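Structure at a glance
So you can see what is in the structure, the chains are spelled out below.
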Amino acid sequence: MAPTDETGQVTQHASPFGTTPPNRPPAAGGAGPNARMPRWLPRAMVLALALFAVFQLGSWAFHQLTGLLINILIAFFLALAIEPAVSWMASRGMRRGLATGLVFLGVMIAAAGFVTLLGSMLAGQIIKIVEDFPEYLDSVINWINTHFNTELKRVDVQEGLLRSDWLRNYVQNSATGVLDVSAQVLGGLFQLLTITLFSFYFAADGPRLRRALCSVLPPAKQTEVLRAWEIAVNKTGGYIYSRGLMALISGVAHYILLQALSVPYAPVLAVWVGLVSQFIPTIGTYLAGALPMLIAFTVDPWYALWVLLFVVVYQQFENYVLQPKLTSKTVDIHPAVAFGSVIAGTALLGAVGALIAIPAIATLQAFLGAYVKRYDVTDDPRVHGHRRGGTGSGPLGRVRALWARRPGAEDHADGSS
């Protein structure tokens, strides 16, 4: 017991550190001076720090590997696009590796020929523009002197351009940007090589890849994965087929126009319009029409206007007539959904997302469609958009009802039956 004084109160003993307080009961919840840290708290803190470190490491690795992941995604969709051709040749006894190599060889030859023709066309036009530049400059100077009563001369304009600070700064910036352009070209070639190798392996080893994926899944899941893979192959191949067919039709139509206007390099320009307008979504049409308009302008400014009008009219024909008929059996998605998917893909992955958005959404829509239970739609004008059956409640329906209720209508009906 604690010592008490003569009045019965508890005394306090002095200590070197001050007065010792009397004994008090521990606070509620065990948070008294002798309470200990819970045993689970240190382990929880260590686990939280470990999870945070793993998250930071994973986020850093993902950002570092974003370029590689995008290349693999592009390669996967390219492999899906050529899968029908490779499987067709493999079903006739050809090895899948050889069949994939032949498909890639054909694509590379076509791409190399197109780039060569386009490069020669651009080089020829640049040379022509440089050679005709003095005549263009003379015509501009004469127009300015005529309309503004000036006395400009071509020699003075050329000397002013050569001695201008703008030209000097442009030359310096161009000289310093050569290394940057070279680095970008090398990076683009390495990226193209990476995509080609991965797409080759995905296409050539498609059955082995599917077998390895199914080996870690139960039988029910294996069926779903193989079904999703088949849908992706069909939708991607159908998308490429429909786009290629529309590119062919667009190229032929623009070739006829350019040949009628005597625009030089009409075949190359037609191929350019067909490919760019179909395989670059949303803005591909305008990018494709800019080059033929520029070349036509060098022949006659009015020809450029005719090309512009034809591009606009043909785009409307393609959007409302040609594209719905060709894509209804291959891709089969609503135009608004396709447009929204392209915008979403562009926001997520840029140009790559815009290219793969439509086949990806078509694959997802076809796969999920098998698991959505559908019912018969009620016969309601709010659903069908017009009156179906019956006399209806409109003016024509009321006229029919009055005609049916007129005297003698039943006798006439009985007599005519």
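Residues numbered from 1 in each chain as written. Predicted model: local features only at pLDDT ≥ 70, side-chain atom pairs only at ≥ 80, totals over all residues. Heavy atoms only, no water.

Next up on the list: helix H7 (residues 206-214). When we look at burial in H7, the residues that qualify are Gly-206, Arg-210 and Cys-214. For H7, the buried positions fall inside an angular range of 65 degrees around the axis, keeping them on one side. In H7, the exposed residues that point more than 90 degrees away from the buried face are Arg-208 and Arg-211. (Buried < 20%, exposed > 50% of the residue type's maximum accessible area, 1.4 Å probe, protein only. Helix = DSSP H or I, 4+ residues; strand = E, 2+ residues; numbered from the N terminus. Arc of directions from axis to C-beta.)

This brings us to the packing of helix H9 (residues 266-279) against helix H10 (residues 284-299). One way to put it is that H9 packs onto H10 with a least axis distance of 7 Å and a crossing angle of 165 degrees. Taken as axis vectors, H9 and H10 run roughly antiparallel relative to one another. Judged by the sense of rotation from one axis to the other, the crossing of H9 with H10 is right-handed. On the side of H9, the interface is formed by Leu-269, Trp-272, Val-273, Val-276 and Ser-277, while H10 contributes Gly-284, Thr-285, Leu-287, Ala-288, Leu-291, Pro-292 and Ile-295. Of the residues in the contact of H9 with H10, the class split is nine nonpolar, three polar and no charged. (Axes fitted to C-alpha atoms, helices over the stretch in contact; angles between N-to-C directions. Parallel < 35°, antiparallel > 145°, perpendicular 65-115°, else oblique. Left-handed = near helix turned anticlockwise from the far one by under 90°. Contact = heavy atoms within 4.5 Å. Nonpolar A, V, L, I, M, F, W, Y, C, P; charged D, E, K, R; others polar.)

This part is about the confidence of the model for the chain. Low-confidence regions, as indicated by low pLDDT, have predicted coordinates that should not be scrutinised in detail. With 74% of its residues at a pLDDT of at least 70, the chain reaches an overall mean of 76. Contacts for the low-pLDDT stretch residues 388-392, under 50 throughout, to residues beyond four places or in other chains number three contacts. In this model, residues 411-417 is a region of pLDDT below 50 whose contacts with residues beyond four sequence positions or in other chains number one contact. (pLDDT = per-residue confidence, 0-100.)

Another aspect to go through is the nonpolar core. Leu-80, Ile-82, Val-86 and Val-103 are the most contacted members of the largest nonpolar core, which has 19 residues in total. At the level of elements, helix H2 (66-90), helix H3 (96-148), helix H6 (178-204), helix H8 (219-260) and helix H13 (351-369) are the ones that each hand at least two residues to this core. Here this core gets eight residues from one element, more than from any other, and that element is H2. Not counting chain neighbours up to four residues away, the residues in contact with Leu-80 comprise Trp-229, Ala-232, Val-233 and Thr-236. One finds Phe-114, Leu-257, Leu-261 and Leu-269 within the second-largest nonpolar core, a separate group that totals 15 residues. (Core = buried A, V, L, I, M, F, W, Y, C linked by side-chain atoms within 4.5 Å.)

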